[in-house]
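So you can see what is in the structure, the chains are spelled out below.
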Amino acid sequence: MMINADLGEGCAHDANLFKLVDWANIACGGHAGDEQSIRRACTLALEHNVQVGAHPSYPDKAGFGRTNPKGETGQLLDELKRQMDLFENIAAKMGCTTSHFKPHGQLYNDAAFQQETAALLVELAKAYPHLRLLALADSPQVALTRTQGIAVIEEAFPDRAYQANGALVPRSQAGAVLDNPEKVKAQAAALMRMGPIECIDGSSLVIHAQTLCVHGDTPQALANAQAVRLAVEEHDREAFSGAN
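Residues numbered from 1 in each chain as written. Predicted model: local features only at pLDDT ≥ 70, side-chain atom pairs only at ≥ 80, totals over all residues. Heavy atoms only, no water.

A. Local environment of the pairing of strand β3 (residues 51–55). For β3, the tally of buried residues reaches four of five residues, placing the bulk of the element in the interior. The pairing of strand β2 (residues 23–27) with β3 spans five bridges and is classified as parallel. Looking across to β3, one finds that N25 is bridged to G53. Handedness of the β2-helix α2 (residues 35–48)-β3 crossover: right-handed. Two strands pair when backbone bridges link them, and β3 and strand β4 (residues 98–101) are joined in this way by three bridges, in the parallel orientation. Across the sheet, residue V52 finds its bridge partner in β4, namely T98. Taken together, β3, helix α3 (residues 73–94) and β4 constitute a β-α-β crossover, and its handedness is right-handed. (Buried < 20%, exposed > 50% of the residue type's maximum accessible area, 1.4 Å probe, protein only. Helix = DSSP H or I, 4+ residues; strand = E, 2+ residues; numbered from the N terminus. Pairing = 2+ DSSP bridges. Right-handed = clockwise from strand over helix to strand, strands pointing away.)

B. How the structure looks around the pattern of salt bridges. Taken as a whole and judged by the stated rule, the model has 10 salt bridges. Between E79 and R82 there is a salt bridge; the shortest N-O distance is 3.0 Å. Pair noted here: E79 and R82 are both in helix α3, with a separation of three residues, about one helical turn. (Salt bridge = Lys/Arg side-chain N within 4 Å of Asp/Glu carboxyl O.)

C. Local environment of the sheet that holds strand β9 (residues 211–215). Around the barrel, seven strands lie side by side as β1-β2-β3-β4-β5-β6-β9; this closed barrel has parallel pairing. The average undirected angle you get between the axes of adjacent strands in this sheet is 35°. Examined bridge by bridge, strand β1 (residues 2–7) and β2 share four bridges and lie parallel to one another. Bridged to A5 within β2 is A24. Helix-sheet contacts for helix α6 (residues 140–147) involve β5 (132–136) and β6 (152–156), and the interaxial angle to β5 is about 155°. (Axes fitted to C-alpha atoms, helices over the stretch in contact; angles between N-to-C directions. Contact = heavy atoms within 4.5 Å.)

D. Spatial organisation of the side chain of E154. With respect to the helices and strands, E154 occurs in strand β6. Within the structure, E154 has its side chain in polar contact with the side chain of R146 (distance 3.1 Å). With residues near it in sequence (within four places) discarded, E154 still touches A135, A137, D138, V142, R146, H208, A209, Q210 and T211. (Polar contact = N/O pair within 3.5 Å; in protein donor to acceptor, adjacent residues only side chain to side chain.)

E. Focus on α3. Between its terminal C-alpha atoms α3 stretches 32 Å, which fits the 32 Å expected from 22 residues at 1.5 Å a residue. Residues of α3 that are buried include every one of L76, L77, E79, L80, Q83, M84, F87, E88, I90 and A91, and no others. Tucked into the core, α3 has its buried residues touching β2, α2, β3, β4, α4 (105–113) and α5 (115–126). Remark: G95 follows α3 within two positions and exhibits a positive phi of approximately 85°. (Expected span 1.5 Å × (residues − 1).)

F. Up close: the packing of α3 against α5. Between α3 and α5, the least distance of the axes is 10 Å, while the angle of their chain directions is 45°. The angle between the axes of α3 and α5 places the two elements in the oblique class. When you trace α3 past α5, the crossing you get is right-handed. Each of T73, L76, L77, L80, K81 and M84 in α3 lies in contact with α5, whose residues at this interface are E116, L120, L121, E123 and L124. The residue makeup of the contact of α3 with α5, split by class, is seven nonpolar, one polar and three charged. (Parallel < 35°, antiparallel > 145°, perpendicular 65-115°, else oblique. Left-handed = near helix turned anticlockwise from the far one by under 90°. Nonpolar A, V, L, I, M, F, W, Y, C, P; charged D, E, K, R; others polar.)

G. Quick peek at the packing of aromatic side chains. As enumerated under the stated definition, the model contains one aromatic pair in all. For the ring pair Y108 and F157, a centre distance of 5.9 Å and an interplane angle of 90° mean the geometry is edge-to-face. With a gap of 49 residues between them, Y108 in helix α4 and F157 in the loop between β6 and α7 (181–192) connect regions that are remote in the sequence. We note that Y108, like F157, is buried. The residue whose ring lies beneath K102 is Y108, and the NZ or CZ to ring-centre distance is 5.4 Å. (Phe/Tyr/Trp six-rings, centres within 6.5 Å; stacked < 30°, edge-to-face > 60°. Lys NZ or Arg CZ within 6 Å of the ring centre and 35° of its normal.)

H. The arrangement of unusual backbone geometry in detail. Although it is not a glycine, F64 sits at a positive phi angle of roughly 55°. Judged by its relative accessible area of 17%, F64 is buried. Of note, the phi angle at M194 is positive, near 55°, even though the residue is not glycine. Among the secondary structure elements, M194 is positioned in the loop between α7 and β7 (197–198).

This is the structure:
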């Protein structure tokens, strides 16, 4: 199971998180990031052999990409392409091979359940056919996107609470972000074995994911990432022992 993280957002733990993850989703100017931060992130990715992808968002630096500006669809598509091009051009000049892209924040959550936003990201993906799209595992977006011939990687979140319908709990709600590394590790383990996880309302949910995401923008980001890496290593050892 690969671990990905949202990085290059101006947070404190990037240098250490690059040592723990397999893929980095690098902010490219919508909610955070600029040319300098992208170059710095790409340098760390090359140093630690981490695959990179763009992390575009609604143009909302004031709200860290967590609000929808409600602009025209065509204008938003152009803005997302601008962010993607900024990242792709810098990564190419630095010798990084890009592998994927992942929307950030409210754009990500809107696309997971809103057909119009998911269709917008299909158009964005078609402009970058060499990239795979990271999307919320088991969401309506996944099926819609695959019908359009777009490669999708389904991801789940060991450090976030879920609603019963598979949506993430909004960050405005208490308990949305898990701040106990042991709980994060336990949820990561459950996600990898496709066992039930507990939702915020006490119900349970089974999620079918191909990668786990850890966030770099929380105070406990490093401890959470270390817990997820440990869970992955333990899972891999158990799988290897079972195969032999």
